[in-house]
Amino acid sequence: RSHPTSRSFSPAAYPRPASMGLPGVGFIGLGNMGLPMARNLLKAGRRLVVHDLNPAVAAPLTAAGATFASSPAEVASAVTGEGGAVFTMLHSGAAVREVYTGADGLLSACKPQTLLVDCSTVEPATAREMSSAAAAHGCDFLDAPVSGGAPGAASASLTFMVGSDSDAAFAAATPFFTQMGKPPVRCGSVGAGLAVKLANNLALSLQMLATAEAFSLGKAQGVDPHVLAQVMNVSTARCWSSDTYNPVPGILEGVPAARDYEGGFATSLMLKDLRLALDAAAAVGAPTPSAEHARRLYRLSAERGFASRDFGSIYAFLEAARGEPDSISVALAEAWAEEAATAAGESFDSGAFGEEVVAAVAETTAPATATTVKIGQDGKVVAPSA
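Structure report, in brief. Note that this is a predicted model, so its numbers are computed, not measured.

1. Comments concerning the overall build of the chain
In terms of regular secondary structure, the chain is built from 15 helices and nine strands. Expressed as a percentage of its 386 residues, the buried residues of the chain come to 50%. Partitioning the intrachain contacts of the chain with sequence separation of at least 6 by distance along the chain shows that 64% fall at a separation of at least 24.

Here it is in C-alpha coordinates:
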(Lines give C-alpha, C1' and ligand atoms only; values in the text may rest on other atoms or scores of the structure.)
Protein backbone atom coordinates (compact mmCIF):
# COMPACT_ATOMS: atom_id res chain seq x y z
CA ARG A 1 0.00 0.00 0.00
CA SER A 2 1.11 3.58 -0.40
CA HIS A 3 2.29 5.77 2.45
CA PRO A 4 2.10 9.56 2.55
CA THR A 5 5.86 9.77 3.09
CA SER A 6 6.76 7.47 0.19
CA ARG A 7 9.36 8.72 -2.24
CA SER A 8 8.65 8.19 -5.92
CA PHE A 9 10.83 5.50 -7.45
CA SER A 10 10.24 3.61 -10.64
CA PRO A 11 9.96 -0.15 -10.03
CA ALA A 12 12.21 -0.50 -13.07
CA ALA A 13 15.02 0.91 -10.95
CA TYR A 14 14.96 -2.37 -9.05
CA PRO A 15 14.73 -5.16 -11.65
CA ARG A 16 13.06 -8.31 -10.41
CA PRO A 17 15.68 -11.04 -9.99
CA ALA A 18 15.58 -13.72 -12.64
CA SER A 19 16.10 -17.38 -11.82
CA MET A 20 19.61 -17.14 -13.29
CA GLY A 21 22.15 -14.43 -12.58
CA LEU A 22 20.54 -13.20 -9.36
CA PRO A 23 21.87 -9.84 -8.15
CA GLY A 24 24.61 -10.06 -5.57
CA VAL A 25 23.85 -9.56 -1.91
CA GLY A 26 25.97 -8.59 1.05
CA PHE A 27 25.43 -9.70 4.63
CA ILE A 28 27.09 -8.09 7.65
CA GLY A 29 26.80 -9.63 11.13
CA LEU A 30 27.13 -13.42 11.24
CA GLY A 31 25.90 -14.30 14.72
CA ASN A 32 23.31 -16.87 15.77
CA MET A 33 20.77 -15.25 13.45
CA GLY A 34 22.87 -13.69 10.71
CA LEU A 35 24.86 -16.80 9.81
CA PRO A 36 21.88 -19.04 8.94
CA MET A 37 20.11 -16.15 7.21
CA ALA A 38 23.13 -15.57 5.00
CA ARG A 39 23.43 -19.29 4.35
CA ASN A 40 19.88 -19.36 3.01
CA LEU A 41 20.65 -16.56 0.57
CA LEU A 42 23.63 -18.58 -0.64
CA LYS A 43 21.47 -21.69 -0.99
CA ALA A 44 19.04 -19.68 -3.12
CA GLY A 45 21.79 -19.05 -5.65
CA ARG A 46 22.80 -15.56 -4.63
CA ARG A 47 26.36 -14.34 -5.08
CA LEU A 48 27.12 -13.60 -1.44
CA VAL A 49 29.70 -11.27 0.11
CA VAL A 50 29.89 -11.28 3.90
CA HIS A 51 31.60 -9.42 6.73
CA ASP A 52 31.90 -9.89 10.48
CA LEU A 53 34.28 -8.53 13.09
CA ASN A 54 35.29 -12.16 13.68
CA PRO A 55 36.35 -13.55 10.28
CA ALA A 56 36.39 -17.12 11.60
CA VAL A 57 32.60 -17.26 11.87
CA ALA A 58 32.33 -16.85 8.09
CA ALA A 59 34.17 -20.13 7.42
CA PRO A 60 31.02 -22.22 6.74
CA LEU A 61 29.87 -19.64 4.19
CA THR A 62 33.18 -19.16 2.40
CA ALA A 63 33.54 -22.93 2.20
CA ALA A 64 30.20 -22.97 0.37
CA GLY A 65 31.17 -20.25 -2.09
CA ALA A 66 30.69 -16.91 -0.34
CA THR A 67 33.34 -14.19 -0.38
CA PHE A 68 34.61 -12.57 2.82
CA ALA A 69 35.12 -8.80 2.79
CA SER A 70 37.43 -7.02 5.20
CA SER A 71 35.05 -4.11 5.87
CA PRO A 72 31.47 -2.92 5.25
CA ALA A 73 32.86 -0.59 2.56
CA GLU A 74 34.35 -3.59 0.76
CA VAL A 75 30.97 -5.33 0.89
CA ALA A 76 29.36 -2.25 -0.62
CA SER A 77 31.93 -2.07 -3.41
CA ALA A 78 31.35 -5.71 -4.29
CA VAL A 79 27.58 -5.94 -4.48
CA THR A 80 25.90 -2.55 -4.52
CA GLY A 81 24.27 -0.74 -7.39
CA GLU A 82 21.13 -1.40 -9.38
CA GLY A 83 19.51 -4.63 -8.18
CA GLY A 84 22.01 -5.23 -5.40
CA ALA A 85 21.30 -5.32 -1.67
CA VAL A 86 23.08 -5.44 1.66
CA PHE A 87 21.54 -6.93 4.80
CA THR A 88 22.78 -6.25 8.31
CA MET A 89 22.07 -8.08 11.57
CA LEU A 90 23.84 -6.29 14.42
CA HIS A 91 23.63 -6.12 18.20
CA SER A 92 23.06 -2.43 18.90
CA GLY A 93 22.16 0.94 17.48
CA ALA A 94 25.77 2.06 17.89
CA ALA A 95 26.93 -0.91 15.81
CA VAL A 96 24.36 -0.09 13.11
CA ARG A 97 25.54 3.52 12.89
CA GLU A 98 29.18 2.44 12.67
CA VAL A 99 28.51 -0.13 9.92
CA TYR A 100 26.47 2.32 7.84
CA THR A 101 28.11 5.69 8.46
CA GLY A 102 31.57 4.91 9.87
CA ALA A 103 34.81 5.69 8.04
CA ASP A 104 34.75 2.26 6.37
CA GLY A 105 30.98 1.99 6.47
CA LEU A 106 28.58 0.95 3.76
CA LEU A 107 27.67 4.48 2.74
CA SER A 108 31.30 5.37 2.10
CA ALA A 109 31.28 3.08 -0.94
CA CYS A 110 27.61 2.39 -1.67
CA LYS A 111 26.40 2.95 -5.22
CA PRO A 112 23.00 4.56 -5.90
CA GLN A 113 19.88 2.40 -6.26
CA THR A 114 21.07 -0.11 -3.66
CA LEU A 115 18.73 -1.67 -1.12
CA LEU A 116 20.05 -1.40 2.43
CA VAL A 117 18.12 -3.60 4.85
CA ASP A 118 18.79 -3.67 8.59
CA CYS A 119 17.37 -6.67 10.46
CA SER A 120 18.76 -5.63 13.85
CA THR A 121 16.52 -4.87 16.81
CA VAL A 122 17.44 -1.29 17.72
CA GLU A 123 15.76 2.04 18.44
CA PRO A 124 13.27 3.11 15.73
CA ALA A 125 15.02 6.49 15.74
CA THR A 126 18.23 4.78 14.60
CA ALA A 127 16.39 3.37 11.58
CA ARG A 128 15.05 6.79 10.63
CA GLU A 129 18.54 8.28 11.00
CA MET A 130 20.05 5.61 8.72
CA SER A 131 17.24 6.07 6.21
CA SER A 132 18.04 9.76 5.88
CA ALA A 133 21.74 9.02 5.48
CA ALA A 134 21.04 6.39 2.82
CA ALA A 135 18.70 8.70 0.90
CA ALA A 136 21.51 11.26 0.65
CA HIS A 137 23.46 8.61 -1.28
CA GLY A 138 20.54 7.68 -3.53
CA CYS A 139 19.83 4.42 -1.69
CA ASP A 140 16.77 3.01 0.03
CA PHE A 141 16.92 1.88 3.64
CA LEU A 142 14.41 -0.55 5.16
CA ASP A 143 14.17 -1.69 8.77
CA ALA A 144 13.24 -5.37 8.82
CA PRO A 145 13.62 -6.98 12.27
CA VAL A 146 12.68 -10.63 12.46
CA SER A 147 10.76 -13.08 14.60
CA GLY A 148 11.26 -16.83 14.73
CA GLY A 149 14.55 -17.16 16.55
CA ALA A 150 17.51 -19.28 15.53
CA PRO A 151 15.29 -22.21 14.47
CA GLY A 152 13.36 -19.90 12.11
CA ALA A 153 16.60 -18.51 10.71
CA ALA A 154 17.92 -22.02 10.05
CA SER A 155 14.71 -23.24 8.40
CA ALA A 156 14.11 -20.05 6.39
CA SER A 157 10.78 -19.51 8.13
CA LEU A 158 11.41 -16.11 9.73
CA THR A 159 8.77 -13.40 9.88
CA PHE A 160 10.08 -10.06 8.63
CA MET A 161 8.44 -6.91 10.01
CA VAL A 162 9.32 -4.22 7.49
CA GLY A 163 9.35 -0.44 7.62
CA SER A 164 9.84 1.19 4.22
CA ASP A 165 9.21 4.64 2.78
CA SER A 166 9.09 3.29 -0.77
CA ASP A 167 6.63 0.84 -2.31
CA ALA A 168 9.15 -0.01 -5.04
CA ALA A 169 11.94 -0.70 -2.56
CA PHE A 170 9.69 -2.98 -0.51
CA ALA A 171 8.70 -4.88 -3.65
CA ALA A 172 12.33 -5.20 -4.69
CA ALA A 173 13.38 -6.47 -1.27
CA THR A 174 10.62 -9.08 -1.07
CA PRO A 175 12.43 -11.78 -3.12
CA PHE A 176 15.34 -11.57 -0.69
CA PHE A 177 13.00 -11.83 2.29
CA THR A 178 11.22 -14.90 0.93
CA GLN A 179 14.54 -16.69 0.50
CA MET A 180 15.09 -16.31 4.24
CA GLY A 181 11.54 -16.57 5.55
CA LYS A 182 7.84 -16.10 5.04
CA PRO A 183 6.35 -13.35 2.87
CA PRO A 184 7.23 -10.10 4.66
CA VAL A 185 4.75 -7.91 6.51
CA ARG A 186 4.79 -4.21 5.56
CA CYS A 187 4.26 -2.43 8.87
CA GLY A 188 4.44 1.16 7.65
CA SER A 189 7.17 3.70 6.96
CA VAL A 190 10.77 3.39 8.18
CA GLY A 191 10.81 2.67 11.91
CA ALA A 192 7.44 0.90 11.94
CA GLY A 193 9.00 -2.53 11.60
CA LEU A 194 10.98 -1.92 14.76
CA ALA A 195 7.95 -0.57 16.61
CA VAL A 196 6.14 -3.82 15.84
CA LYS A 197 9.18 -5.94 16.79
CA LEU A 198 9.52 -4.25 20.17
CA ALA A 199 5.85 -4.87 20.94
CA ASN A 200 6.23 -8.49 19.83
CA ASN A 201 9.29 -9.11 22.00
CA LEU A 202 7.68 -7.45 24.99
CA ALA A 203 4.90 -10.02 24.69
CA LEU A 204 7.41 -12.83 24.08
CA SER A 205 9.35 -12.02 27.25
CA LEU A 206 6.17 -12.35 29.30
CA GLN A 207 5.04 -15.46 27.42
CA MET A 208 8.32 -17.26 28.10
CA LEU A 209 8.33 -16.21 31.74
CA ALA A 210 4.77 -17.45 32.26
CA THR A 211 5.56 -20.72 30.47
CA ALA A 212 8.65 -21.27 32.61
CA GLU A 213 6.74 -20.56 35.82
CA ALA A 214 3.94 -22.94 34.78
CA PHE A 215 6.33 -25.81 34.08
CA SER A 216 8.26 -25.14 37.29
CA LEU A 217 5.00 -25.23 39.25
CA GLY A 218 3.90 -28.43 37.53
CA LYS A 219 7.22 -30.14 38.22
CA ALA A 220 7.12 -29.06 41.88
CA GLN A 221 3.72 -30.76 42.17
CA GLY A 222 5.00 -33.99 40.65
CA VAL A 223 3.56 -33.53 37.15
CA ASP A 224 5.51 -35.05 34.25
CA PRO A 225 6.63 -32.06 32.12
CA HIS A 226 5.82 -34.05 28.95
CA VAL A 227 2.24 -34.47 30.13
CA LEU A 228 1.94 -30.80 30.99
CA ALA A 229 3.33 -29.87 27.56
CA GLN A 230 0.88 -32.24 25.88
CA VAL A 231 -2.03 -30.50 27.61
CA MET A 232 -0.80 -26.92 27.32
CA ASN A 233 -0.03 -27.27 23.63
CA VAL A 234 -3.63 -28.07 22.78
CA SER A 235 -5.29 -25.90 25.43
CA THR A 236 -5.78 -22.24 26.26
CA ALA A 237 -2.15 -21.84 27.39
CA ARG A 238 -0.83 -22.87 23.98
CA CYS A 239 1.93 -20.53 22.76
CA TRP A 240 5.20 -20.47 20.81
CA SER A 241 7.25 -20.60 24.01
CA SER A 242 5.68 -23.95 24.84
CA ASP A 243 4.95 -25.76 21.58
CA THR A 244 7.92 -24.55 19.49
CA TYR A 245 10.63 -23.28 21.87
CA ASN A 246 9.90 -25.06 25.13
CA PRO A 247 12.31 -24.01 27.92
CA VAL A 248 12.27 -27.38 29.73
CA PRO A 249 15.13 -29.72 28.83
CA GLY A 250 13.93 -32.96 27.26
CA ILE A 251 10.61 -31.70 25.87
CA LEU A 252 11.78 -30.74 22.38
CA GLU A 253 14.84 -31.52 20.28
CA GLY A 254 16.78 -28.88 18.40
CA VAL A 255 15.97 -26.00 20.77
CA PRO A 256 18.37 -24.27 23.19
CA ALA A 257 16.90 -26.08 26.20
CA ALA A 258 18.11 -29.34 24.63
CA ARG A 259 21.74 -28.13 24.67
CA ASP A 260 22.01 -26.43 28.06
CA TYR A 261 20.57 -23.20 26.61
CA GLU A 262 23.57 -22.62 24.34
CA GLY A 263 22.90 -20.62 21.18
CA GLY A 264 19.48 -19.16 20.61
CA PHE A 265 18.48 -15.72 21.89
CA ALA A 266 20.63 -14.70 24.84
CA THR A 267 19.08 -13.40 28.04
CA SER A 268 21.25 -10.30 27.66
CA LEU A 269 19.64 -9.63 24.27
CA MET A 270 16.15 -10.07 25.68
CA LEU A 271 17.09 -7.56 28.35
CA LYS A 272 18.23 -5.16 25.63
CA ASP A 273 14.92 -5.56 23.75
CA LEU A 274 12.93 -5.03 26.94
CA ARG A 275 14.89 -1.85 27.63
CA LEU A 276 14.13 -0.60 24.12
CA ALA A 277 10.45 -1.49 24.48
CA LEU A 278 10.17 0.16 27.89
CA ASP A 279 11.97 3.27 26.63
CA ALA A 280 9.52 3.43 23.72
CA ALA A 281 6.60 2.97 26.11
CA ALA A 282 7.85 5.76 28.36
CA ALA A 283 8.18 8.08 25.37
CA VAL A 284 4.52 7.67 24.43
CA GLY A 285 3.06 7.20 27.92
CA ALA A 286 2.04 3.55 27.45
CA PRO A 287 1.75 1.64 30.76
CA THR A 288 3.83 -1.57 30.85
CA PRO A 289 3.85 -2.79 34.47
CA SER A 290 4.18 -6.50 33.61
CA ALA A 291 7.10 -5.88 31.28
CA GLU A 292 8.87 -3.82 33.93
CA HIS A 293 8.52 -6.74 36.34
CA ALA A 294 9.75 -9.18 33.67
CA ARG A 295 12.81 -7.03 33.03
CA ARG A 296 13.78 -7.25 36.68
CA LEU A 297 13.44 -11.05 36.62
CA TYR A 298 15.52 -11.45 33.46
CA ARG A 299 18.08 -9.08 34.99
CA LEU A 300 18.31 -11.28 38.10
CA SER A 301 18.66 -14.33 35.88
CA ALA A 302 21.49 -12.64 33.97
CA GLU A 303 23.24 -11.64 37.20
CA ARG A 304 23.07 -15.25 38.41
CA GLY A 305 24.94 -16.68 35.44
CA PHE A 306 22.43 -16.90 32.59
CA ALA A 307 23.30 -13.71 30.67
CA SER A 308 24.85 -15.55 27.71
CA ARG A 309 22.37 -18.44 27.78
CA ASP A 310 19.16 -18.47 25.78
CA PHE A 311 16.38 -16.50 27.46
CA GLY A 312 14.47 -19.76 28.00
CA SER A 313 17.02 -20.39 30.76
CA ILE A 314 14.67 -18.34 32.93
CA TYR A 315 13.21 -21.80 33.65
CA ALA A 316 16.58 -23.00 35.01
CA PHE A 317 16.82 -19.79 37.03
CA LEU A 318 13.44 -20.50 38.62
CA GLU A 319 14.32 -24.14 39.28
CA ALA A 320 17.54 -23.06 41.01
CA ALA A 321 15.45 -20.99 43.44
CA ARG A 322 13.02 -23.78 44.25
CA GLY A 323 12.53 -24.12 47.98
CA GLU A 324 13.47 -20.53 48.66
CA PRO A 325 11.20 -18.36 46.49
CA ASP A 326 11.56 -15.48 48.94
CA SER A 327 15.14 -15.03 47.71
CA ILE A 328 13.77 -13.91 44.35
CA SER A 329 11.11 -11.72 45.92
CA VAL A 330 13.57 -9.90 48.15
CA ALA A 331 15.99 -9.44 45.25
CA LEU A 332 13.15 -7.99 43.16
CA ALA A 333 12.22 -5.65 45.99
CA GLU A 334 15.82 -4.48 46.19
CA ALA A 335 15.91 -3.90 42.42
CA TRP A 336 12.70 -1.89 42.69
CA ALA A 337 14.13 0.21 45.51
CA GLU A 338 17.37 0.82 43.62
CA GLU A 339 15.46 1.98 40.54
CA ALA A 340 13.29 4.29 42.63
CA ALA A 341 16.34 5.81 44.33
CA THR A 342 18.11 6.29 40.99
CA ALA A 343 15.05 7.94 39.46
CA ALA A 344 14.92 10.31 42.43
CA GLY A 345 18.61 11.12 42.08
CA GLU A 346 19.46 9.49 45.39
CA SER A 347 22.21 7.03 46.27
CA PHE A 348 21.21 3.48 47.12
CA ASP A 349 22.75 1.42 49.90
CA SER A 350 21.72 -2.21 49.53
CA GLY A 351 22.92 -2.97 53.05
CA ALA A 352 20.76 -0.25 54.56
CA PHE A 353 17.86 -1.38 52.43
CA GLY A 354 18.28 -4.95 53.64
CA GLU A 355 17.74 -3.78 57.18
CA GLU A 356 14.40 -2.34 56.11
CA VAL A 357 13.08 -5.63 54.74
CA VAL A 358 10.45 -6.72 57.22
CA ALA A 359 9.36 -9.85 55.31
CA ALA A 360 9.33 -11.36 51.83
CA VAL A 361 6.96 -9.90 49.25
CA ALA A 362 6.12 -13.37 47.94
CA GLU A 363 2.64 -14.58 48.65
CA THR A 364 2.66 -17.92 50.42
CA THR A 365 0.20 -20.73 49.89
CA ALA A 366 -1.84 -19.18 52.71
CA PRO A 367 -2.65 -15.64 51.49
CA ALA A 368 -3.58 -14.46 54.96
CA THR A 369 0.05 -14.91 56.06
CA ALA A 370 1.51 -12.86 53.19
CA THR A 371 3.57 -9.91 54.33
CA THR A 372 5.06 -6.73 52.94
CA VAL A 373 8.46 -5.29 52.06
CA LYS A 374 9.16 -1.59 52.62
CA ILE A 375 10.56 -0.49 49.26
CA GLY A 376 11.73 3.08 49.67
CA GLN A 377 14.20 4.64 52.03
CA ASP A 378 12.97 7.18 54.56
CA GLY A 379 9.43 6.06 53.76
CA LYS A 380 9.43 7.62 50.28
CA VAL A 381 8.46 4.49 48.33
CA VAL A 382 6.46 1.67 49.89
CA ALA A 383 5.39 -1.52 48.13
CA PRO A 384 1.67 -2.28 48.25
CA SER A 385 0.70 -4.99 50.69
CA ALA A 386 0.71 -8.51 49.29
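2. Let's talk about the environment of Ala58
Relative to the helices and strands, Ala58 resides in the loop between β2 (48-51) and α2 (59-63). Ala58 sits 27 residues away from Gly31 along the chain, and the two C-alpha atoms are 9.6 Å apart. Here Ala58 is in contact with Leu30, Val50 and Phe68, once residues within four sequence places are set aside.

3. With respect to helix α3 (residues 72-79)
Taken together, the buried positions of α3 are Pro72, Ala73, Val75, Ala76 and Val79. Projected onto a plane normal to the axis of α3, the buried residues spread over an arc of 160 degrees and lie on a single side. Buried residues along α3 sit against β1 (25-28), β2, β4 (85-88) and α4 (93-101). Backbone geometry just downstream of α3 places Gly81 in the positive-phi region, at approximately 120 degrees.

4. Observations concerning the pattern of salt bridges
The full count for this structure, using the stated rule, is nine salt bridges. For Arg238, the salt bridge identified is with Asp243, shortest N-O distance 3.1 Å. The partner of Glu262 in a salt bridge is Arg309, with the nearest N and O atoms 3.4 Å apart. Here Arg309 lies in the loop between α12 (289-306) and α13 (314-320) and Glu262 lies in the loop between α10 (240-243) and α11 (267-284), a separation of 47 residues in the sequence.

5. Concerning helix α1 (residues 34-43)
Structurally, the α-helix is built with 3.6 residues per turn, so residues lying three or four positions apart point the same way. Among the ten residues of α1, eight are classified as buried, and the element is accordingly described as predominantly covered. Every buried residue of α1 is accounted for by Gly34, Leu35, Pro36, Met37, Ala38, Asn40, Leu41 and Leu42.

6. So, the packing of α11 against α12
Between α11 and α12, whose axes approach to 9 Å, the crossing angle comes to 155 degrees. Taken together, the axes of α11 and α12 lie roughly antiparallel to each other. Crossing geometry of α11 relative to α12 is assigned as left-handed. Of the residues in α12, those touching α11 at Thr267, Met270, Leu271, Leu274 and Leu278 are Ala291, Glu292, Ala294, Arg295, Tyr298, Arg299, Ala302 and Phe306. Looking at the contact of α11 with α12, its residues break down into nine nonpolar, one polar and three charged.

Cut-offs applied
In this numbering scheme, every chain counts its residues from 1 along its sequence in written order. Side-chain atom pairs in this predicted model are given and counted only at pLDDT of 80 or more, local residue features only at pLDDT of at least 70, and totals for whole chains, interfaces and linings cover all residues. Water and hydrogen atoms play no part in the side-chain values, which are based on all heavy atoms of the structure. Only DSSP runs of H or I covering at least 4 residues are called helices, and only runs of E covering at least 2 are called strands; the numbering of each starts at the N terminus. Working definition: with a 1.4 Å probe on protein chains only, accessible area under 20% of the residue-type maximum means buried, over 50% means exposed, and in between means partly exposed. By definition, residues are in contact when any of their heavy atoms lie within 4.5 Å. Along the arc lie the directions from the helix axis toward the C-beta atoms. Any Lys or Arg side-chain nitrogen located within 4 Å of an Asp or Glu carboxyl oxygen qualifies as a salt bridge. Convention adopted: a line fitted to C-alpha atoms gives each axis, helices being fitted over their contacting stretch, and angles between N-to-C directions are expressed from 0 to 180 degrees. Oblique is the label for every angle not falling under 35 degrees (roughly parallel), over 145 degrees (roughly antiparallel), or within 65 to 115 degrees (roughly perpendicular). Left-handed describes a crossing in which the near helix is turned anticlockwise from the far one by less than a right angle; the clockwise case is right-handed. When residue character is reported, Ala, Val, Leu, Ile, Met, Phe, Trp, Tyr, Cys and Pro are called nonpolar, Asp, Glu, Lys and Arg charged, and the others, Gly included, polar.

Any link to function would need more than the numbers given here.
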